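# Structure at a glance
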Amino acid sequence: MKNRAAGTFRALSIFNYRVWTAGALVSNIGTWMQRVAQDWLVLTQLTHHDASAVGIVMALQFGPQLLLMPWTGFAADHFNQRKLLMFTQALMGALALALGVLTIAGNVRLWHVYVFAFLFGSAAALDAPVRQTFVAELVGDEHLPNAVALNSTSFNAGRMVGPAVAGLVIAKVGTGWAFVINGLSFAAVLISMSLFRVAELYPNTRARRTEGGFLEGFRYVWNRQDLRAVLVMLFLIGTFGLNFPIFTSTMAVKVFHTDACGFGLLSSIMAVGTISGALIAAGRDKPKFGSLLVGSAVFGIGCTLAALAPGYWWFAAALVIIGVAALTFTNTTNSMMQLSTEPAMRGRVMALRLAVALGGTPIGAPIVGWVANRFGPRWALGVGAASGFAAALVAVYVLTRSTGLKDAEFGLTSSSRR
């Protein structure tokens with residue numbers, strides 16, 4: 001059992017990764033506080049339970065992942081990743097503080113939230129591919145799958161604590177203070193990065209500056225059958241399934257008639273599942289395509305159970321299942337695409353992954369929000385369930401028709417066996 005635990009947390013044996021994880025955990029708690037506060041602000045204070053408005057906020061926040069993809073991937077492959085991350089983290093902290101001050105002053109309007117969502121999303125679009133590929137600089141390729149899984153554990157530990165704290169903060173002192181706390185939490189990441197032992201980093205190969213760098217990355221993915229299949233599955237679930245702010249907020253308010261604390265608790269309960277899924281992934285030696293099939297199928301089942309839940313606690317239990325499945329799926333795609341990609345191409349490939357996974361939100365979130373308004377939150381969850389089952393069918397097709405994709409070999413190219 002001890003050896004198993006050591007294997008699950010093996011990336012933490014590296015000093016730089018330990019420091020990074022500590023700072024990231026604090027920031028993740030703040031991030032989830034802001035997400036819950038933002039949804040609650042829009043749904044209950046700036047509108048009268050308008051799920052479409054929440055969908056628009058999501059579209060503006062995640063749309064930049066698609067709009068800025070050519071530049072974000074280029075930046076991740078060409079610039080100093082540590083310095084770029086310090087810039088993006090500081091910028092997101094400043095934006096959170098500004099929104100907090102505006103809300104506390106009582107001057108916030110819905111269009112303000114729209115603007116801040118887009119600005120925050122633009123900074124996050126630059127941050128995300130750099131942050132994901134920077135993990136390889138912290139631990140090297142040998143511990144990369146484990147580090148990716150532990151990153152998700154940290155992110156979802158924040159998801160478990162942050163919403164519950166946000167509910168208390170909103171109830172006691174107001175929504176704006178949740179934004180302020182998030183803004184201050186970014187200091188933890190900046191401090192952790194200033195403590196790095198730079199000599200112990202594993203620098204990624206930087207790409208040469210050539211014309212058509214983005215198109216080169218697109219062609220690289222298009223010529224890989226395995227990566228194409230992963231991106232199709234990501235598009236389906238990312239566009240129509242990963243709309244949890246709409247699912248949980250509308251079910252909490254419209255179906256179960258809970259307050260801010262009850263809404264925050266649902267997000268925290270879901271994090272129990274996501275942390276479990278992340279720890280399961282951390283215990284694996286390498287990613288397998290079969291995990292994508294299982295993750296997407298169970299995601300569809302979990303959304304179906306949530307849509308049919310007769311009460312609050314049955315719905316909460318279904319969220320745990322959804323959490324395990326979502327993390328199994330997303331973590332596997334992350335590790336698989338990084339390990340099967342040439343180091344000099346990772347930034348552009350990961351930017352494309354994020355653009356597909358999150359860039360579909362401007363399409364899916366308004367649709368899911370409209371379904372929740374027009375037919376009810378349970379039907380919106382039905383859309384999420386359909387996305388999971390559709391992605392599972394793609395996996396079945398690939399596994400049955402593509403003999404070149406074997407679980408034992410997928411995701412392990414010569415470039416990753418350094």
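Every chain begins its residue count from 1, and numbering advances along the sequence as written. Totals for whole chains, interfaces and linings use every residue, but because this is a predicted model, local features are given only for residues with pLDDT of at least 70 and side-chain atom pairs only at 80 or more, for both listing and counting. Excluding hydrogens and water, the side-chain values take into account all heavy atoms of the structure.

### Regarding the overall build of the chain
- Where helices and strands are cited, they refer to DSSP runs of H or I of at least four residues and of E of at least two residues respectively, numbered from the N terminus. Assigned secondary structure in the chain consists of 17 helices and 0 strands.
- Residue exposure (1.4 Å probe, protein chains only): buried if accessible area is under 20% of the type maximum, exposed if over 50%, otherwise partly exposed. Evaluated residue by residue, the chain yields a buried proportion of 59% over its 418 residues.
- Should any heavy atoms of two residues lie within 4.5 Å, those residues are counted as being in contact. Partitioning the intrachain contacts of the chain with sequence separation of at least 6 by distance along the chain shows that 88% fall at a separation of at least 24.
- Of the roughly 16600 Å² that the chain leaves accessible, carbon and sulfur atoms contribute 68%. We get accessible surface area from the Shrake-Rupley algorithm with a probe of 1.4 Å; when it comes to residues, only the shown protein chains can shield them.

### Some details on the packing of aromatic side chains
- Centres within 6.5 Å are what make two rings of Phe, Tyr or Trp a pair, Trp counting through its six-membered ring; a difference in plane orientation under 30 degrees is then read as stacked, over 60 as edge-to-face, and the rest as tilted. Per the stated rule, a full pass over the model turns up 10 aromatic pairs.
- A centroid spacing of 6.5 Å and a plane angle of 65 degrees characterise the contact between Phe-244 and Phe-247, whose relative ring orientation is edge-to-face. One end of the pair is Phe-244 and the other is Phe-247, both in helix H11 (residues 244-255) and 3 residues apart, which spans about a single turn.
- Residue classification places Phe-247 among the buried positions, given a relative accessible area of 3%.
- Put simply, the rings of Phe-256, Tyr-312, Trp-313 and Phe-315 touch in pairs and so form one group of aromatic residues.
- The ring of Phe-375 has Arg-374 sitting right over it, with the charged end atom 5.2 Å from the ring centre. Should the NZ of a Lys or the CZ of an Arg lie within 6 Å of a ring centre and within 35 degrees of the ring normal, that charge is described as sitting over the ring.

### Quick notes on the layout of surface pockets
- With a 1 Å grid spanning the protein atoms alone, the term cavity applies to any set of points in which a 1.4 Å probe fits but cannot get out, the term pocket to an open set with protein on both sides within 12 Å along at least five of seven lines, and the term lining residue to any residue with an atom within 4 Å of a point. Grid points are joined across faces, edges and corners, and a volume is the space filled by probe spheres set on the points. In this structure, the largest pocket spans a volume of roughly 250 Å³.
- Put simply, the parts of the chain that give the lining of the largest pocket at least two residues each are helix H9 (213-222), helix H10 (225-240) and helix H15 (346-359).
- Residue polarity follows a fixed list, in which Ala, Val, Leu, Ile, Met, Phe, Trp, Tyr, Cys and Pro are nonpolar, Asp, Glu, Lys and Arg are charged, and the others, Gly among them, are polar. Its residues assigned to classes, the lining of the largest pocket shows 11 nonpolar, 2 polar and 1 charged.

### Considering a nonpolar patch on the surface
- A cluster of nonpolar side chains, contributed by Leu-67, Trp-111, Val-115, Phe-118 and Leu-119, occupies part of the molecular surface with about 490 Å² of accessible area.
- It is helix H6 (residues 110-139) that contributes the most residues to the nonpolar patch, 4 residues altogether.
- Residue placement: Leu-119 occurs in helix H6.
- We classify Leu-119 as partly exposed; its relative accessible area is 38%. Patch membership needs two things, relative accessible area over 30% and no salt bridge, and members are linked within 9 Å if like-charged or within 5 Å if nonpolar (Val, Leu, Ile, Met, Phe, Trp, Tyr). Only one rule defines a salt bridge in this text: a Lys or Arg side-chain nitrogen within 4 Å of an Asp or Glu carboxyl oxygen.

### Regarding the nonpolar core
- In this text, buried Ala, Val, Leu, Ile, Met, Phe, Trp, Tyr and Cys residues form a nonpolar core when linked through side-chain atoms within 4.5 Å. In terms of nonpolar packing, the biggest core is built from 88 residues, with Met-233, Phe-289, Phe-299, Phe-315 and Ile-322 touching the most fellow members.
- Top element by residues in this core is helix H14 (residues 312-339). It accounts for 11 residues.
- Leaving out residues up to four positions away in the same chain, Met-233 has contacts with Phe-289, Leu-292, Ser-296, Phe-329, Ala-391, Val-394 and Ala-395.

### What to know about the pattern of salt bridges
- Overall, the coordinates contain 3 salt bridges when judged by the stated rule.
- Residue Arg-197 pairs with Glu-200 through a salt bridge whose shortest N-O separation is 3.5 Å.
- For Arg-197, a relative accessible area of 42% corresponds to the partly exposed category.
- Between Arg-224 and Asp-226 there is a salt bridge, with the nearest N and O atoms lying 2.8 Å from each other. For the pair shown, Arg-224 and Asp-226 are each scored as buried.

### Some details on the side chain of Thr-88
- You can see Thr-88 is positioned in helix H5 (residues 81-104).
- In terms of polar contacts, Thr-88 uses its side chain to reach the backbone carbonyl oxygen of Leu-85, at 3.0 Å.
- When neighbours within four sequence positions are excluded, Thr-88 is seen to be in contact with Ala-123, Leu-126 and Asp-127. Two N or O atoms count as a polar contact when they lie within 3.5 Å, although within protein this holds only if one can serve as hydrogen donor and the other as acceptor, and sequence-adjacent residues are included solely when both atoms are side-chain atoms.

### Observations regarding unusual backbone geometry
- In this structure, His-49 is a non-glycine residue whose phi angle is positive, near 60 degrees.
- Tracing the chain through its elements places His-49 in the loop between helix H2 (15-46) and helix H3 (51-67).
- His-49 sits in the partly exposed class, given a relative accessible area of 31%.
- A positive phi angle, close to 55 degrees, is found at His-257, a residue other than glycine.

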